[in-house]
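Observations on the three-dimensional arrangement
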Amino acid sequence: MCTSVLFLYRACPLALDAVLGVLKLETNRSELEALAKSYGELWSKHANLKWLDIWLQAQSCVTSHDFKGAATAFQKFEKQGFGVPADTTSDMAACMLKLGKKSEAEELFAKARAQDEHVLKHMDAYARVVAFDKLERLSSELLYSSSCHAEPWVAKAWHHSKNKQFTLAERTKANIFLQKAISFGGNAEASFLQASLCFANQGFRLAVQKYSEAIQLDPSFFEAYEALIRCYLEARSDKEALSLARVAKKYIKQPAYQYYLEGIALSQKPSSLSRAITALQKAVEVEKGFEKGILILSNLYIQDGKAEKAVQMLSKQLQRHPSAVLHAELGSCYTRLKRFQEAMEQYVLALRKDPFLERAQQSLDLLRRGADQSVMSVAAGEGEAVLGAGNLEGLEMESDDSIPVMDLANQEYQWS
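I will try to describe carefully the structure that is included in this document. This one's a predicted model, so the numbers in the text were calculated from it and none came from an experiment.

Details of the pattern of salt bridges
All told, the structure shown has 15 salt bridges when counted by the stated rule. Note that Glu223 and Arg128 form a salt bridge whose closest N and O atoms lie 3.6 Å from each other. Within this pair, whereas Glu223 is found in helix H15 (residues 222-234), its partner Arg128 is found in helix H9 (residues 123-129), the two being separated by 95 residues in sequence. Accessibility expressed as a relative area gives 7% for Arg128, which makes it buried. One salt bridge connects Glu226 with Lys292, and the closest N-O pair in it is separated by 3.0 Å. Placement of Glu226 in helix H15 and of Lys292 in helix H19 (residues 291-303) is noted, with a sequence separation of 66 residues between them. Within the structure, one salt-bridge network assembled from shared partners comprises Arg113, Arg137 and Glu141.

Some details on helix H6 (residues 67-79)
Since one α-helical turn is 3.6 residues long, residues separated by three or four positions face the same way. In this model H6 runs 18 Å from its N-terminal to its C-terminal C-alpha over 13 residues, within 8% of the 18 Å that 1.5 Å per residue would give. Those residues of H6 that sit buried are Phe67, Gly69, Ala70, Ala71, Ala73, Phe74 and Phe77. Contacts made by the buried residues of H6 are with helix H5 (50-63) and helix H7 (86-98). Following H6 by one or two positions, Gly81 has its phi on the positive side, about 80 degrees.

Some details on the nonpolar core
The tendency in soluble globular proteins is for nonpolar side chains to be buried side by side. Phe109, Phe192, Tyr211, Ile229, Tyr260 and Leu261 are the most contacted members of the largest nonpolar core, which totals 117 residues. Here Ile229 is in contact with Ala241, Leu244, Ala245, Leu261, Ile264 and Ala265, once residues within four sequence places are set aside.

Thresholds, definitions, all that
- Residues numbered from 1 in each chain as written.
- Predicted model: local features only at pLDDT ≥ 70, side-chain atom pairs only at ≥ 80, totals over all residues.
- Heavy atoms only, no water.
- Salt bridge = Lys/Arg side-chain N within 4 Å of Asp/Glu carboxyl O.
- Helix = DSSP H or I, 4+ residues; strand = E, 2+ residues; numbered from the N terminus.
- Buried < 20%, exposed > 50% of the residue type's maximum accessible area, 1.4 Å probe, protein only.
- Expected span 1.5 Å × (residues − 1).
- Contact = heavy atoms within 4.5 Å.
- Core = buried A, V, L, I, M, F, W, Y, C linked by side-chain atoms within 4.5 Å.

As structure tokens, this is what we get:
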């Protein structure tokens, strides 16, 4: 197989599928260029092959998991006036997704679809991040383009998995579509969703197996590392979690992600809480606006009895990058500090930005019930606390012993 791919590339350096095959053999870009010039006169006859040099540079970066370098290289296409085909636009979107730039990735995926409605490349990853209300159309259009590729079936599975009315029937349909996707060969996105469904159903052992499979198929799959670490933590396998976080550094090149994975791996034991906080502080320091890191760091500050510090961090971040999730987290911090009026204000702000944020709505409803009820007796400490219109002292919003729960709709973890 290796010899065949190399022979094809030597015979025709512009056979781009062969180029990708050679790159997967860990051949670097300089070797590819030398190979092309040695076995063909194509490059010397055609001076205007600058686009191929840019493309080689970008794909070489992708192969070595340097997605920042790949994104920079891909951007040269437009800057230098070259036309960008749909597959390359989709490659650019996938790089942005790897870098955690979800909104930019979604825009590029949509652009690729506009360029060519039959493009399939990376559409399984697009289905993972796109909003539910767009998934039905996306999955149907992909299946219309081809039913003999994995991507449309993965998109179909996501459509059923993200349904707010996530019943056993929906889960069954999702698993059937995932089996269909896998029948066309290994697919990291399919394995990831299979694992997520198992995790949500408390099937931790199978979830570990499927997340590991996703990582094997795509060693740079950050979300799979994160989820597998949480599986290990659920099983009280802290050593395996920390070991995996260290292994991930070889493939996850972004420092913020490296610190983040180390931080969550250390977060469960009181003895390593300070180390976890330090790692997450580094994560949010090297990447300003790293929302995942900010949310977990806030939770750890609360566990460490530093809720005021969490409030300061969240307030500062909201001034830079307002978001519904951060407003809801600040509301939780105020609730812990028994500053209930300020908590309600934050939940209202969160719901203005995202009316479907269930966490904020549930917390706000609970606070309002406590405020509106004239007398409510709750067990607290040595006796009973009475809740009136101006007294919410007995209201407990969250348990201190929080565990991660998968939110399949957003592919994020929330603390409950």
